[in-house]
Amino acid sequence: MEAVLLCSKVVPRRTPLEGNRKFSLRHFNKHLKCNSLPASSRNTPLLRSFEAIKGPSSLRFPPSPVRKGSSFLPKCSISTSTVSGSDNPLLSKFRQLVNKVTHLKLNPLDAVKLTLLLSILTLAAKKVVTLAFNPFFWMYFSWTWLFWPWFIALGLAGYGTYCFRKHWLGQANAFEQLGIVTSVFTWLTLVPPAYFNGYLEGWPFVFFLAYHYFFFFNVTVRKRLYGDYYARNHDPKWDVDTPLWSRVLFGVGVVVGHWLAAFEGPELHRLPGGWVNVGIWGLIVVTMLMHYDSTLYLARYSEKVVVPTDVVQFGPYRWVRHPIYASTMLLFAAYCTALRAPLSLLFLVGVCLVYYSKKAKMEEELMVESFGQRYLDYADKVRHKFIPFVY
């Protein structure tokens, strides 16, 4: 016992034994009461030396005898530092966290919300780490990239919805408008054939790029005439729009028509190639030129591209009164023809005829109101609205 006490490296909390008759056996963190010792051992020199101690600095030990011929002398040291519960690093970190939460002044409901959010983030992090170290995940991930990246399509749809909301509020910039167009064309030309075939090749990629180029002609015309891509302020009466429900039904019809075309057509690898597709390429070129010439002629005889200053009777307007709408229907027809989907072609053309006929009627009434007999003479001369010699 005396050897243990002599070689202990920690000074007891209270070395005097008069008031508190216990001493510490650190680092075992236990105390022994002095009255538990035998009475015969209380008069040992060690205990008498403890009773004479008034503080840690006054602790002295008698010299220890050294055996003859022994070269080893045990050295005992005494530390004046004490270790208490307040110095526990875990407890101190916990107190710091509690202080931070207290400074945030969170009410109980906010604390519950914060706890729920942290739990969700922790669970999500755990799932991500589990997937990252799962070899089967990387195998399926590589197959997804090889055939069709669905997560990219869903991400584009979400981003397009966000950008469309900003566009609806008049806050979308040029990049966000491009995001809207790209997300729409992805779900029109790429996702349907990828879903029904399990992979993509050939015509879907061609029409994905063609749709972009086709619907950005208005922007390129502004760049050519004004030097930038932004629309100008104009008389709002020329913003002819059908009712909202009509536009929504038209959009739904166009989407359904493209999905029907991907469902109706054969598998992509069964589509013929070579010279058989020369007619489809020619149809795409005619569509592009028709749309570009129509937009350019209309812009030249219009103020700020939108407000017409005269009745246009040149270019494609010699054949039909609404060549821009006709070129849109021709583009949809080329897509269905490339995928060998004739029933879907008829469906899409029917949807466009119903919608564009109503919109063209509203525009022609406005043209008659603005130009009178000049537009009536033009309408008598060019009798067909969309399809030459047919309708």
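On a predicted model such as this, the values are computed, not experimentally measured, just so you know.

Next up on the list: the overall build of the protein chain. For the protein chain, the count of helices and strands is 14 helices and four strands. Looking at the protein chain as a whole, 32% of its 391 residues qualify as buried. Sequence-distant contacts, at least 24 apart, represent 69% of the contacts inside the protein chain between residues at least 6 apart.

Moving on: the pattern of salt bridges. According to the stated counting rule, one finds three salt bridges in the structure shown. Of the charged contacts, one joins E267 and R270 as a salt bridge, the two residues approaching to 3.8 Å between their closest N and O atoms. A salt bridge links E364 to R321; the nearest nitrogen and oxygen atoms lie 2.8 Å apart. Linking E364 in helix α13 (residues 342–371) with R321 in the loop between β4 (307–308) and α12 (323–338), this pair joins segments that are 43 residues apart in sequence.

What follows deals with the UniProt feature "transmembrane region" (unreviewed entry) in the protein chain. Sites flagged by UniProt as "transmembrane region" (unreviewed entry) map to residues 147–165, 177–196, 202–221, 242–262, 274–292 and 330–356. The span residues 274–292 shows a helical share of 79% and a strand share of 0%, and its end C-alpha atoms are spaced 28 Å apart.

With 16 residues, α12 extends 22 Å between its outermost C-alpha atoms, agreeing within 8% with the 22 Å of an ideal straight helix rising 1.5 Å per residue. Following α12 by one or two positions, R340 has its phi on the positive side, about 55 degrees.

Next up on the list: the nonpolar core. W203, F207, Y211 and Y356 are the most contacted members of the largest nonpolar core, which totals 41 residues. Mapped onto this core, the elements with two or more residues apiece are α7 (174–197), α8 (203–215), α10 (244–264), α11 (278–300), α12 and α13. Tallying contributions element by element places α12 first for this core, with nine residues. Counting residues in hydrophobic clusters, the runner-up holds 11 residues, among them W238, V311, Y317 and L366.

This part takes up empty space enclosed by the protein. In the structure shown here, the tally under the stated rule is one cavity of 30 Å³ or more. Counted as a void, the largest cavity has a volume near 40 Å³. Forming the walls of the largest cavity are P193, N197, A261, A262, G265, P266, L268, L271 and L339. Going through the elements one at a time, α7 and α10 are the ones with two or more residues in the lining of the largest cavity.

About the criteria used
- Within each chain, residue numbers correspond to sequence positions counted from 1 in written order.
- Local features in a predicted model are, by the rule used here, given only for residues with pLDDT of at least 70; side-chain atom pairs are given and counted only at 80 or more, and totals for whole chains, interfaces and linings are based on all residues.
- Processing note: side-chain calculations cover all non-hydrogen atoms of the structure and skip hydrogens and water entirely.
- Helix numbers and strand numbers start at the N terminus; a helix is a DSSP run of H or I with at least 4 residues, a strand a run of E with at least 2.
- Buried, partly exposed and exposed residues are distinguished by accessible area as a fraction of the type maximum, computed with a 1.4 Å probe on protein chains only: under 20%, between the cut-offs, and over 50%, respectively.
- Throughout, a contact is declared for two residues whenever any of their heavy atoms are within 4.5 Å.
- In what follows, salt bridge is the name for a side-chain nitrogen of Lys or Arg lying within 4 Å of a carboxyl oxygen of Asp or Glu.
- UniProt positions are given in the numbering used here, feature names are shortened, and annotations may be inferred rather than shown by experiment.
- A helix is expected to reach a length of 1.5 Å times the quantity of its residues less one.
- Throughout this description, the term nonpolar core refers to a set of buried Ala, Val, Leu, Ile, Met, Phe, Trp, Tyr and Cys residues connected via side-chain atoms within 4.5 Å.
- Residues are said to line a cavity or pocket when one of their atoms sits within 4 Å of a point; the points come from a 1 Å grid over protein atoms alone, cavities being sets where a 1.4 Å probe fits but cannot get out and pockets being open sets with protein on both sides within 12 Å along at least five of seven lines.
- Grid points are joined across faces, edges and corners, and a volume is the space filled by probe spheres set on the points.

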